[in-house]
Each structure stands twice: as structure tokens, then as C-alpha cells.
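Topology and contacts: notes
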Amino acid sequence: LILVIDMAPLMSLHRPTLSVKSVPRLPPLGRRVSGVTQPPKMIHQPNHDRTVVHRAMGSRRAAVKVRAEATSSTSVVPRVRAQPAEPQGLRVPDEDFSIAKTSFGSIASTLGIGLLTYGFGAYFQFLPGQDVAAVLLIYGFPITLIGFALKYAQLEPVACISYQKAADLRESQATNIQNQLRNDVTRFRYGDEQHLDEALKRIFLVGRPGGISRRQCPRLVGIREEVSGGNYSLVLEFDSPRLEASVWEERLAKIQVFFGPGVAAELTTNGEEKELQADLRLTADGSGEGRGEQLETMVLPPLAPGMPARTVVVEKKQEE
């Protein structure tokens, strides 16, 4: 049984009906006079389409211009370093080898990828060692995952500029805190958002009443070792686009107490409000305080459940 349906009535329901008035009337192409066709008369009308196009292009150029200005305002501002007032000598490279200056994430990820590559090659008999292919794959997967996790959580060390005269005075004048600062920020760290995170939280009271917000916290971008007034000086370079210079000046006394004793703190700011750069100079005052003391860190229990443990630096007792 074949069912035949006439689709013509259905198609006529959806067929648009055109009115004669809706069809535009076209001008005649020409008029034949004595066997010669005259060209039609041109009617000059304002070109609204061209005006609309020009307006659209103008708005697009304005949008591109605004976007370019916004991009230039958020670009990285190069740091302007003032020339030291005293001769510093030649720059010396950092030749102190330490395992902490090596990226464990790069080592683990490279080793894991190597084990996986050789394991797959041996498993499919492209490489020798089919008997140990399973072992290589079993150890290669977790090592690779650990390496990628460390790479994701690692914090790159900041650049350190050292001069010869400052390096010569480091052993005789640098305080314990100055040495600890230089060692901490020039090595890889894992799990920290930025260098000197805990120190900045305590100095600026980040997220506390009377302090600043997390977005306003300055960021350490480099350090320098210089000589200031004949004494060893460690300069901390900060980018502070959201923190005003007046806040730095208010916290200067607290900074000196925090990084003391035996250190004089000096602040220098450069740039505009949204491009502020602050140089914090910690100069050994020559009193000898804060040097040669045997210090140890004691971990105390938290004050309340859920709070982090407390750490206190005290003088190490000499054994009799």
C-alpha cells in the first residue's frame, strides 16, 4: 500500500505572498530616439551606506586605539636602577653551588619522561630490555607526575646582582638575617605564592585590620649587593603598583625592627602611582649586632586548634 500525499497545499501555506506595492520599481534602462539609445538619467542621492561604513570603521579604529592604550598601560615597566654613589667594582657571578638552587621539578619530570619513553619502546620491542619494561613504566608514571606537580608549585629564584667590593665585605659585615634573605630568595621554593611572603604579611598586616589587602601586597623582583658608606648593603627590589609610597614610609620603622638588629633600613621609590618601584636598602650599621650568634628555630604548639604552629628564633644554648 503506497500512501501518496500531495505536498502542494502544504507548501502553499508557507509560501510568502508578495504585494505589488512591496516590489520596488526599477528605472528604465534607456530611451530609444531615432535608433539611438540614450543613457538613463542618473539621480544623485546621498550615499548613506558609505557614511555608515565610515562610521563603523571610525568606531573600530577607536576601539582598537582604546585597546592598545589599555595594553600599553598594563605592560611591564622596566626597572630604573639608580647608579651607586660609591664605586662598587666589577660584577661577580654567583658561583656558590647549592642543591636548593636546582629545580627538583625539572629533574623529576625529565627522569620520569625518560623512563616512560624507554619503557614504551622496550614494551613494543623497539628497544632492548623487554623484561624491565613493566618496571620502567611503573616507576615512570609517578615520577613524571611528581615532577609536573613540583614544576607547577615551584617559585623561581630572583635575580641577584653582586659587586666585588660588596662580596668582599659580606663575610665580615653581613648579619645573619641578611645572609638568610639572600639565600632564601635565590633558590627555588615550592608552595609559596611569592618570595618573603610571611615577612610581608607581618610587616604590612596583609588581610588584617589596619593593614592592606592581598592585591596590594608588593612583589620582590630582585636583590643587589652593594657598598653604602663603606658598609655592606643588601637592596631588595620591589614592584608595588597598587601600594602607595606613603604606606611604605609608615612601615619603614617596623621594617628596620623586623630585619634587625644591626641593620639600618632606607627606602627609595621611583615611578608614578600605578608604576611604583620601591628599593629597600638594608645596610649593616657596623655595630656587630646580629652577627655570629648561634640561633636556632623552635616550633611551638598553636595557640588554638586549627591555627598554624608558631616558630620562634632563639639563641642556641652552648653545651657545657
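Look up: the structure comes first, before these words.
Residues numbered from 1 in each chain as written. Predicted model: local features only at pLDDT ≥ 70, side-chain atom pairs only at ≥ 80, totals over all residues. Heavy atoms only, no water.

**Concerning the sheet that holds strand S5 (residues 159-163)**
Threshold: Only when DSSP finds a minimum of two bridges between them are two strands counted as paired. Runs of E in the DSSP output that reach at least two residues are strands. Runs of H or I that reach at least four are helices, and both are numbered from the N terminus. In what follows, a contact means two residues having at least one pair of non-hydrogen atoms within 4.5 Å. Every angle, taken between N-to-C directions, lies between 0 and 180 degrees, and every axis is a line fitted to C-alpha atoms, over only the stretch in contact when it is a helix.
Strand order in this open sheet of six strands is S3-S5-S7-S8-S10-S9, and the pairing throughout is mixed. At either end of the open sheet lies a strand with only one pairing partner, and these are strand S3 (91-92) and strand S9 (263-270). Relative to strand S10 (residues 277-284), strand S8 (residues 231-239) runs antiparallel, the two sharing seven bridges. Residue Asp239 lies in a different strand from S10, and its bridge partner there is Gln277. Set on the sheet, helix H6 (residues 176-185) makes contact with strand S7 (219-228), S8, S9 and S10; between it and S8 the angle comes to about 40°. Helix H9 (residues 252-259) rests against S9 and S10 of the sheet, and its axis sits at about 140° to S9.

**A look at the pattern of salt bridges**
Keep this limit in mind: One side-chain nitrogen of Lys or Arg within 4 Å of one carboxyl oxygen of Asp or Glu is enough to make a salt bridge. Buried, partly exposed and exposed residues are distinguished by accessible area as a fraction of the type maximum, computed with a 1.4 Å probe on protein chains only: under 20%, between the cut-offs, and over 50%, respectively.
Tallying each qualifying case throughout the model produces 12 salt bridges. The closest approach of N and O atoms between Glu225 and Arg182, which form a salt bridge, is 3.4 Å. With Glu225 in strand S7 and Arg182 in helix H6, the pair connects residues that are 43 residues apart, well separated along the chain. Accessibility classification places Glu225 together with Arg182 in one group, the buried group. The partner of Asp279 in a salt bridge is Arg224, and the shortest N-O contact between them spans 3.8 Å. Highlighted residues: Asp279 in strand S10 and Arg224 in strand S7, separated in sequence by 55 residues. The class of Asp279 is buried, set by a relative accessible area of 7%.

**Considering helix H7 (residues 197-204)**
An α-helical segment advances 3.6 residues per turn. Residues three or four places apart therefore align on the same side. The line we're drawing: This arc is built from the directions going out from the helix axis to the C-beta atoms.
Where H7 is concerned, the buried positions are Asp197, Ala199, Leu200, Ile203 and Phe204. The arc that holds the buried residues of H7, viewed along the axis, is 160°, so those residues lie on one side. As for H7, its buried residues are in contact with S8, helix H8 (245-250) and H9. Positive phi appears at Leu205, one or two residues downstream of H7, with a value of about 55°.

**So, helix H3 (residues 104-123)**
Convention followed: By this rule, a helix spans an expected 1.5 Å times one less than how many residues it contains.
Taking 1.5 Å of rise per residue, 20 residues should cover 28 Å, and H3 covers 28 Å from first to last C-alpha, within 8% of that figure. Listed in full, the buried residues belonging to H3 are Gly105, Ala108, Ser109, Gly112, Leu116, Gly119, Gly121 and Ala122. Looking at the buried residues of H3, the elements they touch are helix H4 (133-153), strand S4 (154-155) and strand S6 (189-190).

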